[in-house]
Amino acid sequence: VPVACAAHGKEVFVFDIAKDKLNPEEPGAAPEEVEEVRRDQVLVLDKDSGKPLRRIGRHGSDHEGFAFAGFITVDRLGNLYISDFLNHRVVKMDSQGNVLAAFGRHGDRAGDFAQMKGVAVDSLGFIYVVDAAFQIVQAFDNAGAPLFVLGGPRAPQGPMNLPAGIWMRALVIDRPDA
């Protein structure tokens with residue numbers, strides 16, 4: 001069940017939340033012995049052939065687990081940013097699945113999330129996370145420290161009503177000294 005995807009170079013990253021019926025002890029076990037397990041993984045595909053290359057992550061609430069993640073984006077270096085909805089955090093991973101950083105928690109203060117949705121990264125490395133409960137977009141530095149908030153239900157400029165996704169355009173700076 002693909003819910004989000006992003007591409008970088010020759011790879012496509014697809015977040016899959018399907019459930020698998022697993023029983024590692026006995027293949028072909030009776031239905032009452034089969035356990036249903038959430039997959040919550042990123043499937044990495046070859047962009048040209050569509051063939052699976054690897055899987056990243058698994059279901060869970062530990063450092064490398066996901067719980068109903070719903071949005072994924074990739075920065076210019078190929079790092080993945082995943083909004084991990086039920087764990088109330090953003091997870092930054094390299095393209096091989098190594099966790100580089102994670103930030104956020106459930107709450108209502110700066111840097112907290114209630115109903116996080118879309119995630120985006122701009123060309124300078126700033127991270128933007130949509131929160132539908134607060135009807136805002138929070139901006140973070142590349143280490144996950146909160147910077148500022150956009151929107152809100154009563155904002156005089158740019159009020160939001162149940163925002164979900166976000167996309168950032170690449171910033172191009174024309175420097176005469178470069």
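Our subject is the structure listed above.
Calculation rules
Residues numbered from 1 in each chain as written. Predicted model: local features only at pLDDT ≥ 70, side-chain atom pairs only at ≥ 80, totals over all residues. Heavy atoms only, no water. Helix = DSSP H or I, 4+ residues; strand = E, 2+ residues; numbered from the N terminus. Polar contact = N/O pair within 3.5 Å; in protein donor to acceptor, adjacent residues only side chain to side chain. Contact = heavy atoms within 4.5 Å. Buried < 20%, exposed > 50% of the residue type's maximum accessible area, 1.4 Å probe, protein only. Salt bridge = Lys/Arg side-chain N within 4 Å of Asp/Glu carboxyl O. Pairing = 2+ DSSP bridges. Axes fitted to C-alpha atoms, helices over the stretch in contact; angles between N-to-C directions. Phe/Tyr/Trp six-rings, centres within 6.5 Å; stacked < 30°, edge-to-face > 60°.

Engineer: Just checking my understanding: could you explain the side chain of Asp40 for this structure?
Structural biologist: Take Asp40: it is sitting in the loop between β4 (35–38) and β5 (41–46). At 2.6 Å, the side chain of Asp40 and the side chain of His59 are in polar contact. Within the structure, Asp40 has its side chain in polar contact with the backbone nitrogen of Phe68 (distance 3.4 Å). Not counting residues within four places of it along the chain, the set of residues in contact with Asp40 comprises Phe15, Asp16, Ile17, Ala18, Gly57, Arg58, His59, Phe66, Ala67, Phe68 and Ala69.

Engineer: Looking at this structure, I do not really get unusual backbone geometry. What am I missing?
Structural biologist: It is generally the case that most residues other than glycine have a negative phi and that most peptide bonds are trans. One non-glycine residue with positive phi stands out, namely His88, at about 55°. As for its position among the elements, His88 is in the loop between β10 (80–84) and β11 (89–93). In this structure His88 comes out as buried when scored by relative accessible area, which is 15%. The backbone phi angle of Leu162 is positive, close to 55°, even though this residue is not glycine. Looking at the secondary structure, you find Leu162 in the segment after β16 (146–151).

Engineer: Looking at this structure, I do not really get the pattern of salt bridges. What am I missing?
Structural biologist: Pairing is possible between side chains of opposite charge, provided their charged atoms come close. Per the counting criterion, the structure on display carries five salt bridges. The partner of Asp62 in a salt bridge is Arg58, with the nearest N and O atoms 2.9 Å apart. On the basis of relative accessibility, which here comes to 35%, the residue Asp62 falls in the partly exposed class.

Engineer: Would you take a moment to explain the pairing of strand β2 (residues 11–16) for this structure?
Structural biologist: As a general feature of sheets, a regular strand has side chains that alternate between the two faces. Of all six residues in β2, six are buried, a share of seventy percent or more. Burial of the side chains of β2 extends over both faces: Glu11, Phe13 and Phe15 are buried on one face and Val12, Val14 and Asp16 on the other. With antiparallel pairing between neighbouring strands as the criterion, strand β1 (residues 2–8) and β2 make up a hairpin whose turn holds two residues, including Gly9 at a positive phi of roughly 60°. Bridge analysis of β2 against β5 gives six bridges, and the strand direction is antiparallel. In the sheet register, Phe13 faces β5, and the bridge partner there is Val44.

Engineer: Honestly, the sheet that holds β2 in this entry has me stumped. Any pointers?
Structural biologist: The strands that make up a sheet are held in pairs by hydrogen bonds between backbone atoms, and each pair lies either parallel or antiparallel. Ordered by their spatial adjacency, four strands build an open sheet running β1-β2-β5-β6, and the pairing between neighbours is antiparallel. Across the chains shown, the open sheet's two edge strands, defined by having one partner strand only, are β1 and β6 (52–56). Between one strand axis and the next, the sheet turns through 20° on average, direction left out of account.

Engineer: What exactly am I supposed to notice about the packing of aromatic side chains here?
Structural biologist: Pairs of aromatic rings are described using the distance from one ring centre to the other and the angle between the two planes. Tallying each qualifying case throughout the model produces four aromatic pairs. When the ring of Phe103 is compared with that of Phe140, the centres are 4.8 Å apart and the planes differ by 50°; the resulting orientation is tilted. Of this pair, Phe103 sits in strand β12 (residues 99–103) while Phe140 sits in strand β15 (residues 136–140), and the two are 37 residues apart along the sequence. Take Phe103: its relative accessible area is 10%, and that puts it in the buried class. Judged by its relative accessible area of 0%, Phe140 falls in the buried class. With a centroid separation of 5.8 Å and an interplanar angle of 50°, the aromatic rings of Phe113 and Phe140 are classed as tilted. One end of the pair, Phe113, is in the loop between β12 and β13 (116–121); the other, Phe140, is in strand β15, and 27 residues separate them in sequence.

Engineer: Looking at this structure, I do not really get the sheet that holds strand β9 (residues 71–74). What am I missing?
Structural biologist: Here we have four strands laid out as an open sheet, ordered β9-β10-β11-β12, and antiparallel in their pairing. Every interior strand has two partners, whereas the edge strands, β9 and β12, have only one. The sheet shows a mean angle of 20° between the axes of neighbouring strands, taken without regard to direction.

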